[in-house]
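The residues making up each chain are set out below.
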Amino acid sequence: MNVSIFGLGYVGTVCAACFTELGHQIIGVDKSIAKVDLIREGRSPVIEPGISDKVAHAVATGQLTATTDATEAIVNSDISMVCVGTPSSGNGNLDLTAIREVAIEIGRGLRAKNAPHTVTIRSTVLPGTTRGTVGPLIEEASGNKIGRDFDLAFNPEFLREGSAIADFNAPSKTVVGAFNQETADRVMALYKDLPGAKITPPVETAELVKYVDNSWHALKVSFANEIGTIAKTLGIDGRDVMNIFLQDTRLNISPAYLRPGFAFGGSCLPKDVKALKHLAHSRGLSTPVLESILPSNDMIMSRGADWILSHDGRRIAFLGISFKAGTDDVRDSPFVELVKSLRGEQRDIRIYDPNVQLSQLIGANREFLMRNPELVGLLHDDVTATIEWADIIVLTTADPRFVAALKATRPDQVVLELSDIGLPRGVRAKVSGFHW
Ligand SMILES: NC(=O)C1=CN([C@@H]2O[C@H](COP(=O)(O)OP(=O)(O)OC[C@H]3O[C@@H](n4cnc5c(N)ncnc54)[C@H](O)[C@@H]3O)[C@@H](O)[C@H]2O)C=CC1
Ligand SMILES: O=C(O)[C@H]1O[C@H](OP(=O)(O)OP(=O)(O)OC[C@H]2O[C@@H](n3ccc(=O)[nH]c3=O)[C@H](O)[C@@H]2O)[C@H](O)[C@@H](O)[C@@H]1O
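Reading guide: rules and limits
Residue positions are given per chain, counted from 1 along the sequence in the order it is written. Starting at A for chains and at 1 for ligands, labels are handed out in the order in which the entities are written. Totals for whole chains, interfaces and linings use every residue, but because this is a predicted model, local features are given only for residues with pLDDT of at least 70 and side-chain atom pairs only at 80 or more, for both listing and counting. Side-chain calculation: all heavy atoms of the structure are included, whereas hydrogens and water are not. UniProt positions are given in the numbering used here, feature names are shortened, and annotations may be inferred rather than shown by experiment. For every residue, the pLDDT score states the predictor's confidence, bounded by 0 at the bottom and 100 at the top. Whether a residue is near a molecule or strand is decided by its heavy atoms; if any one of them lies within 4 Å of it, the residue is near. Pairing of N or O atoms within 3.5 Å defines a polar contact, subject to two protein rules: one partner must be a possible hydrogen donor and the other a possible acceptor, and residues neighboring in sequence count only if both atoms are side-chain atoms. Every accessible area reported is derived by Shrake-Rupley at a probe size of 1.4 Å, with residue values counting cover from the shown protein chains alone. Secondary structure follows DSSP: runs of H or I at least 4 residues long count as helices, runs of E at least 2 residues long count as strands, and numbering of each begins at the N terminus. The nonpolar class holds Ala, Val, Leu, Ile, Met, Phe, Trp, Tyr, Cys and Pro. Asp, Glu, Lys and Arg form the charged class, and all remaining residues, Gly among them, are polar. Partly exposed residues are those whose accessible area sits between 20% and 50% of the maximum for their type, while under 20% is buried and over 50% is exposed, using a 1.4 Å probe and protein chains only. By definition in these notes, contact holds between two residues if any of their heavy atoms fall within 4.5 Å. We count Lys and Arg on the positive side and Asp and Glu on the negative side, and we leave His and both chain ends out. Only one rule defines a salt bridge in this text: a Lys or Arg side-chain nitrogen within 4 Å of an Asp or Glu carboxyl oxygen.

- The name recorded for the protein in an unreviewed UniProt entry is UDP-glucose 6-dehydrogenase, from Bradyrhizobium quebecense.
- In its Catalytic activity (unreviewed entry) section, the UniProt record describing the protein reads: "UDP-alpha-D-glucose + 2 NAD(+) + H2O = UDP-alpha-D-glucuronate + 2 NADH + 3 H(+)".
- Quoted straight from UniProt, the Pathway (unreviewed entry) entry for the protein says "Nucleotide-sugar biosynthesis; UDP-alpha-D-glucuronate biosynthesis; UDP-alpha-D-glucuronate from UDP-alpha-D-glucose: step 1/1."

In structure tokens:
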């Protein structure tokens, strides 16, 4: 099928490249000329394992093109997939600016097209947004009617940064909520060669499921981290406790997100928990469990800062600042918050993260760093010099480059392992774990 993908960020770029491998012809659309130019040059606008080769190949074979012109993309495609950002607004609700813009652009594009077209929303939006906001905006801008002149669906994305390509190619479920079964089937046909359950619930159910997924992950991380905290104060290794707990096969508990580690972050879990809470508030509902997730996470963050400060040494080197290994995404990274809180404590800080270089970042990540200029001056690109300089080395994620670099540590240094990573032999510094 011919598919136009609006928004060439983490979701849009991965979907664009991976859909070409399923035989689809993709036109990527972004309002950022920089991102469109990168795709045209066969380069990925995001850092994600495996994505560079896939983008380069798809562009070289002509299966992936890019434009800033929405109408051109609509006219030359059968289905449009919307993957623009839906960040948090100040009060926890979603900022739908980009969604609204794209809905209007798609509507205008449809005016220039005299053939059936399907629009599917992949961005995470609260229940009611596809029907109540996107649909009417497209109808108004196009003069067309849903179900008569064009079709509309919601198709949530479940990929995780750092393993996005593997997640795209092996989904455990693909969910398409549409206003009629033919539309759901048409969108689902894009995924016909992928494994996993194929589910076509009502649109609002599909919208809510996405929030259930992300809030559940956040809740599990918070639970595991609180257990880890209690265990540590008792002198018990929280990792052992959770490992034994997880062996209860009668309960079939997935170990995912249940290992004690550091606070969760990233551009999705925090914002999606906030948005679900906001939805509950707006309905006058009391949801104490959901209410407690972010305060619990904040507590883990401040415990992490206290733990680092409890070690002697003024010079602290952070290995990693993006929220996860394998990505350049610094949005809502818990390590950014940690660095900011330590800066007021008379410590000198340096950060090494080869994925995070101001000169390379574009889009929302660049904007995030520009809003935090104090961080930019802390970034260093020489890992050996950064380690040599430090008294304390904070290992944030299991990026193999960080783990390998630790072999250069000295016995007078201390390595603080924030996440439950497990270090190789050959680290000469004293090593201590947040949960053990
Ligand atoms: N990052 C992730 O791992 C996942 C994100 N999601 C959801 O997917 C959505 C997109 O997330 P990301 O890819 O992280 O966002 P992103 O911020 O990386 O990318 C969004 C892109 O949309 C573009 N854009 C904004 N307005 C536009 C317009 N009018 N026309 C064309 N392009 C426009 C931006 O320039 C940007 O390149 C969000 O709703 C997010 O919650 C869902 C699953 C995974
Ligand atoms: O909606 C989204 O954007 C995506 O959000 C998350 O994906 P992502 O944030 O990319 O990565 P995760 O692996 O879920 O990590 C989120 C946070 O949880 C933390 N985490 C993850 C796994 C774990 O076992 N423990 C843990 O603390 C990570 O370190 C990170 O801070 C969801 O897992 C995806 O299913 C979803 O598609």
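### Notes on the confidence of the model for the protein
Fine structural detail should not be taken from predicted coordinates in areas where pLDDT scores are low.
Argument step 1. Residues of the protein with pLDDT of at least 70 account for 100%, and the chain-wide mean is 95.
Argument step 2. Across the whole predicted complex the pTM is 0.97, and at the interface the ipTM reaches 0.99.

### What about the site of ligand 1?
Argument step 1. In the vicinity of ligand 1, 28 residues are found, and the nearest of them are Asp 30, Lys 35, Thr 86, Glu 161 and Lys 271.
Argument step 2. Asp 30 is positioned with one of its side-chain polar atoms (N or O) 2.6 Å from an oxygen atom of ligand 1.
Argument step 3. Measuring from an oxygen atom of ligand 1, one finds a side-chain N or O atom of Lys 35 at 2.9 Å.
Argument step 4. Relative to its free-state accessible area of 840 Å², ligand 1 is covered by the protein chains to the extent of 92%.
Argument step 5. Within the residue set of the shell around ligand 1, elements represented by two or more residues are helix 1 (10–21) and helix 5 (97–111).
Argument step 6. Counting residues per element, the shell around ligand 1 draws most heavily on helix 5, which supplies four residues.
Argument step 7. The class makeup of the residues in the shell around ligand 1 is 11 nonpolar, seven polar and 10 charged.

### A closer look at unusual backbone geometry
Argument step 1. The phi dihedral of Asp 332 is positive, around 55 degrees, even though this residue is not glycine.
Argument step 2. With respect to the element layout, Asp 332 can be found in the loop between strand 10 (315–319) and helix 13 (334–343).
Argument step 3. In this structure Asp 332 comes out as partly exposed when scored by relative accessible area, which is 36%.
Argument step 4. One non-glycine residue with positive phi stands out, namely Gln 346, at about 55 degrees.
Argument step 5. For Gln 346, the position within the fold is in the loop between helix 13 and strand 11 (348–352).

### Here's the deal with the environment of Asp 420
Argument step 1. Relative to the helices and strands, Asp 420 resides in the loop between strand 14 (414–417) and strand 15 (430–433).
Argument step 2. Its relative accessible area of 32% is what places Asp 420 among the partly exposed residues.
Argument step 3. Between the alpha carbons of Asp 420 and Arg 239 there is a distance of 8.0 Å; along the sequence they are 181 residues apart.
Argument step 4. Setting aside chain neighbours within four positions, we find Asp 420 in contact with Arg 239, Arg 259, Pro 260 and Gly 261.

### Observations regarding the side chain of Lys 210
Argument step 1. Along the chain, Lys 210 turns up in helix 9 (residues 203–233).
Argument step 2. Buried charged residue Lys 210 carries no salt bridge. Nearest counter-charge: Asp 272, at 5.4 Å.
Argument step 3. Ignoring any residue separated from it by four or fewer positions in sequence, one finds Lys 210 in contact with Thr 124, Pro 156, Glu 157 and Phe 158.

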